[in-house]
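# Tertiary structure, described
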Amino acid sequence: IYCTSINAQADDSLKMNKETKKAIYSSARKATIMSACLPGLGQAYNKRYWKIPVIYVALGGLSYWGINSQKQYKYYSNNLRYENDGDSTTINVSKYSTDQLITLKKDFRKSRDNAIMISVLVYLINVIDANVDAHLKTFDVSDDLSIKLKPSIYIPTFAQAGIFSPVPMLTL
C-alpha cells in the first residue's frame, strides 16, 4: 500500500501539465518576492487579507519594544558614564548605584536584541507563509479525497531465467 500511495502521487504530478506547474511556481515566486519587499503584500496577492493586520501588529509591537529598550539602554548607559567619569558637572540623575546601572544596561541591551531577533523571525515567517500559501492554493480540499484501490495481478512480459510468477498488487 505504501508503494501504491507513492505511485498515486507520481501519477497526479504527471497529470499536471507544464503550464499548470509553471503557473503554480511562478505565482509562489511572485508572492515570495512581494512579501519580501513589503511584509503582507504576498498575503494580499494570495487573497489572505486577514493575515496582513497580524503581521503589522506583530512588527509594530516588536518595533515599539525594541525602540523603548534602546532608549532605556541609552539612558542607563549615559547615567553609568556620568556616575563613573569623575566630572562634577555631569550627574547621575537616576536613583541607581553603579552595580544596578550595569545590570539595567545589560538587561535593556538584551531586551533590545531580543526584539530585533524576533522581528527578523516574524519577517521570515511572513515570507515563508506567502510562499507556502501560494503553493497550496491549488491543493484539493474537497470533501472527496478518497483513493480507489483495485486488486490486480501483474504478469511479467518476459520470464527471467525461466521463472514465471504472477505478482499480486494494487492499482488505482
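Everything below is about the structure printed above this text.
Residues numbered from 1 in each chain as written. Predicted model: local features only at pLDDT ≥ 70, side-chain atom pairs only at ≥ 80, totals over all residues. Heavy atoms only, no water.

Moving on, we get to the packing of aromatic side chains. Under the counting rule described, the total for this entry stands at 3 aromatic pairs. Aromatic pair Y75 and Y76: ring centres 5.0 Å apart, planes at 70°, arrangement edge-to-face. When its relative accessible area of 36% is taken as the criterion, Y75 is described as partly exposed. In this structure Y76 comes out as buried when scored by relative accessible area, which is 8%. Each member of the aromatic cluster is reached from another via a ring pair, and the members are Y75, Y76, Y96 and F108. (Phe/Tyr/Trp six-rings, centres within 6.5 Å; stacked < 30°, edge-to-face > 60°. Buried < 20%, exposed > 50% of the residue type's maximum accessible area, 1.4 Å probe, protein only.)

In this section: the pattern of salt bridges. All chains considered together, the criterion is met by 4 salt bridges. Ionic pairing is found between D133 and K51, a salt bridge with its closest N-O pair at 4.0 Å. Placement of D133 in helix α5 (residues 98-135) and of K51 in helix α4 (residues 51-84) is noted, with a sequence separation of 82 residues between them. For the pair shown, D133 and K51 are each scored as buried. A salt bridge links D113 to R112, with the nearest nitrogen and oxygen atoms 3.1 Å apart. (Salt bridge = Lys/Arg side-chain N within 4 Å of Asp/Glu carboxyl O. Helix = DSSP H or I, 4+ residues; strand = E, 2+ residues; numbered from the N terminus.)

Read these as spatial facts, not as claims about activity.
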